[in-house]
Amino acid sequence: MENGDGVVRIALTGAVDAVLAPRLDGAVADVIAAQPADVRLDLGEVDFLGSHGMAFLVRVQHAARAAGRGAGIDAVSRHALIALRVAGLEHYVQV
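Residues numbered from 1 in each chain as written. Predicted model: local features only at pLDDT ≥ 70, side-chain atom pairs only at ≥ 80, totals over all residues. Heavy atoms only, no water.

Description of the packing of aromatic side chains
Then comes step 1: Inspection of every chain in the model, using the stated rule, returns zero aromatic pairs.
Then comes step 2: Across from the ring centre of Tyr92, 4.6 Å away, lies the NZ or CZ of Arg65, which sits over that ring. (Phe/Tyr/Trp six-rings, centres within 6.5 Å; stacked < 30°, edge-to-face > 60°. Lys NZ or Arg CZ within 6 Å of the ring centre and 35° of its normal.)

This is the structure we're talking about:
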């Protein structure tokens, strides 16, 4: 995670699933603490996006919006995009 220029950037790689859940929860807490920064996510290197990963994306969106900030995805892998489309989250997380 990188914080600069009023933007928090989070890059996820590999499998984003239950194994990463505790670290993802910590990242949400970091996003909330980084006020007033916007949040940009990089999913370009994600090869599996499970339900825990999708829940993380939703929590980041909620945290940013609740703080009056923006959140969105700058890069998304084909695997992550398919998972988001199947779950109906493609537009919600601003892909």
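Back to the text.
Points about the confidence of the model for the chain
Then comes step 1: With 94% of its residues at a pLDDT of 70 or more, the chain has an overall mean of 86.
Then comes step 2: Mean pLDDT per element in the chain: strand 1 (residues 2-4) is the minimum at 60, and helix 3 (residues 78-87) is the maximum at 95. (pLDDT = per-residue confidence, 0-100. Helix = DSSP H or I, 4+ residues; strand = E, 2+ residues; numbered from the N terminus.)

Brief notes about the pairing of strand 3 (residues 38-49)
Then comes step 1: Alignment of strand 2 (residues 7-16) against strand 3, held across nine bridges, turns out to be parallel. Residue pairing in the sheet places Val7 in a bridge with Asp38 of strand 3.
Then comes step 2: Taken together, the five bridges between strand 3 and strand 4 (residues 71-76) define a ladder with parallel strand orientation. Looking across to strand 4, one finds that Val39 is bridged to Ala71.
Then comes step 3: Taken together, strand 3, helix 2 (residues 51-66) and strand 4 constitute a β-α-β crossover, and its handedness is right-handed. (Pairing = 2+ DSSP bridges. Right-handed = clockwise from strand over helix to strand, strands pointing away.)

Comments concerning the packing of helix 1 (residues 21-33) against helix 2
Then comes step 1: At their nearest, the axes of helix 1 and helix 2 sit 10 Å apart, and the two run at 10 degrees to each other. The orientation of helix 1 relative to helix 2 falls into the category roughly parallel. On helix 2, the residues that touch Ala21, Leu24, Asp25, Ala27, Val28 and Ile32 of helix 1 are His52, Gly53, Phe56, Arg59, Val60 and Ala63.
Then comes step 2: Its residues assigned to classes, the contact of helix 1 with helix 2 shows eight nonpolar, two polar and two charged. (Axes fitted to C-alpha atoms, helices over the stretch in contact; angles between N-to-C directions. Parallel < 35°, antiparallel > 145°, perpendicular 65-115°, else oblique. Contact = heavy atoms within 4.5 Å. Nonpolar A, V, L, I, M, F, W, Y, C, P; charged D, E, K, R; others polar.)

Regarding helix 3
Think of an α-helix as turning once every 3.6 residues; residues three or four places apart then point the same way.
Then comes step 1: For helix 3, the full list of buried residues reads Ala80, Leu81, Ala83 and Leu84. Down the axis, helix 3 shows its buried residues gathered within 160 degrees of arc, on one side only. Seen from the buried face of helix 3, the exposed residues on the opposite side, beyond 90 degrees, are Arg78 and Val86.
Then comes step 2: Where the residues of helix 3 are buried, they touch strand 3, helix 2 and strand 4. (Buried < 20%, exposed > 50% of the residue type's maximum accessible area, 1.4 Å probe, protein only. Arc of directions from axis to C-beta.)

Comments concerning the pattern of salt bridges
Then comes step 1: Per the counting criterion, the structure on display carries three salt bridges.
Then comes step 2: Arg59 serves as the salt-bridge partner of Asp25, at 2.6 Å between the closest nitrogen and oxygen. Residue Asp25 is found in helix 1, and its partner Arg59 is found in helix 2; the two are separated by 34 residues along the sequence.
Then comes step 3: Among the residues examined, Arg59 registers a relative accessible area of 31% and is labelled partly exposed.
Then comes step 4: Ionic pairing is found between Asp74 and Arg40, a salt bridge with its closest N-O pair at 2.7 Å. Of this pair, Asp74 sits in strand 4 while Arg40 sits in strand 3; the two residues are 34 residues apart in sequence, bridging distant segments of the chain.
Then comes step 5: Its relative accessible area of 27% is what places Arg40 among the partly exposed residues. (Salt bridge = Lys/Arg side-chain N within 4 Å of Asp/Glu carboxyl O.)

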